[in-house]
Amino acid sequence: MSIRPVEYPGVEIKKGRLYFGGADTVELAKRFGTPLYVFDADTMREACRAYSMGFGEIYKNSLVVYACKANPMIAAMKVALEEGLGLDVASIGEMYGAKLAGAKFSKVFYHGNFKKEEEIKTALKWGVGRIVIDSEFEAEMINRTAASLKKRAAVMLRVTPGIEAHVHEMVKVGKLDTKFGVPIQGGVAETLIGKILKKKNLDFTGVHCH
């Protein structure tokens, strides 16, 4: 029986064994046990460089950020940082991971709904670059928390454009009735931006959208 590996950079079969990123997966399993998650740093570096080059050619002042929830291993974060990317964190755990990876927090973006006040305090104390607001409640809470620390929080507002992606219902995040962000339709986002601009401890820097 012949086995053909999935077409993926760095994947090959040698003498009946699966190699990934030049490593023998049988030997990796013997050494570390299973289940075992392995990623190819070279392939990730190539992707980081392609995104940075692509955006850099069109938008000279752009910053590509790595979504840590895709792979929150500190080693993966370090690869992204070494390639000049920022980090996008969606939890306090990922924020700690970014710190352990040596991230410059001015290039860290913090988002995710249901953020807690203590998490916002930590983000502000560490100098996070942007906090993405998901609701009016969050805007009030972040402004209040920043005021208590005598700081100003650089924020963005996550908006929902009302676009239906043809994917599973549970992962549709751009539609109007999603729990993430606020809708553009009906002027909801515009109204909230007006309120944010009046907050003494918030610096509005733009919109965020999936």
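Just so it is clear, the structure is predicted and the values come from calculations on it, not from any experiment.

Draft legend 1. Summary view of the packing of helix H3 (residues 74–82) against helix H4 (residues 92–100). Where H3 contacts H4, the axes come no closer than 9 Å and their chain directions differ by 60 degrees. One finds that H3 runs oblique with respect to H4. Here the hand of the crossing between H3 and H4 comes out right-handed. Across the interface between the two elements, Ile74, Met77 and Lys78 of H3 pack against Glu94, Gly97, Ala98 and Leu100 of H4. When grouped by side-chain class, the residues that make up the contact of H3 with H4 number 4 nonpolar, 1 polar and 2 charged.

Draft legend 2. Empty space enclosed by the protein, seen in detail. What the rule picks out here adds up to 1 cavity of 30 Å³ or more. Here the largest cavity defines a volume of roughly 30 Å³. Every element with two or more residues in the lining of the largest cavity is listed here: helix H6 (136–148) and helix H7 (188–197). Tallied by class, residues from the lining of the largest cavity come to 3 nonpolar, no polar and 4 charged.

Draft legend 3. Region of the structure containing the packing of aromatic side chains. By the definition in use, this model includes 3 aromatic pairs. Ring centres of Phe105 and Trp126 lie 5.4 Å apart, and the angle between their planes is 75 degrees; this geometry places the pair in the edge-to-face category. Placement of Phe105 in the loop between H4 and strand E6 (108–110) and of Trp126 in the loop between helix H5 (117–125) and strand E7 (130–133) is noted, with a sequence separation of 21 residues between them. When its relative accessible area of 23% is taken as the criterion, Trp126 is described as partly exposed. Within the aromatic cluster, the residues linked to one another by ring pairs are Tyr96, Phe105 and Trp126. Directly above the ring of Tyr19 sits Lys14, whose terminal nitrogen or CZ lies 4.9 Å from the centroid.

Conventions used here
Residues numbered from 1 in each chain as written. Predicted model: local features only at pLDDT ≥ 70, side-chain atom pairs only at ≥ 80, totals over all residues. Heavy atoms only, no water. Axes fitted to C-alpha atoms, helices over the stretch in contact; angles between N-to-C directions. Helix = DSSP H or I, 4+ residues; strand = E, 2+ residues; numbered from the N terminus. Parallel < 35°, antiparallel > 145°, perpendicular 65-115°, else oblique. Left-handed = near helix turned anticlockwise from the far one by under 90°. Contact = heavy atoms within 4.5 Å. Nonpolar A, V, L, I, M, F, W, Y, C, P; charged D, E, K, R; others polar. 1 Å grid on protein atoms, 1.4 Å probe; cavity = no way out; pocket = protein on both sides within 12 Å on 5 of 7 lines; lining within 4 Å. Points joined across faces, edges and corners; volume = space filled by probe spheres on them. Phe/Tyr/Trp six-rings, centres within 6.5 Å; stacked < 30°, edge-to-face > 60°. Buried < 20%, exposed > 50% of the residue type's maximum accessible area, 1.4 Å probe, protein only. Lys NZ or Arg CZ within 6 Å of the ring centre and 35° of its normal.

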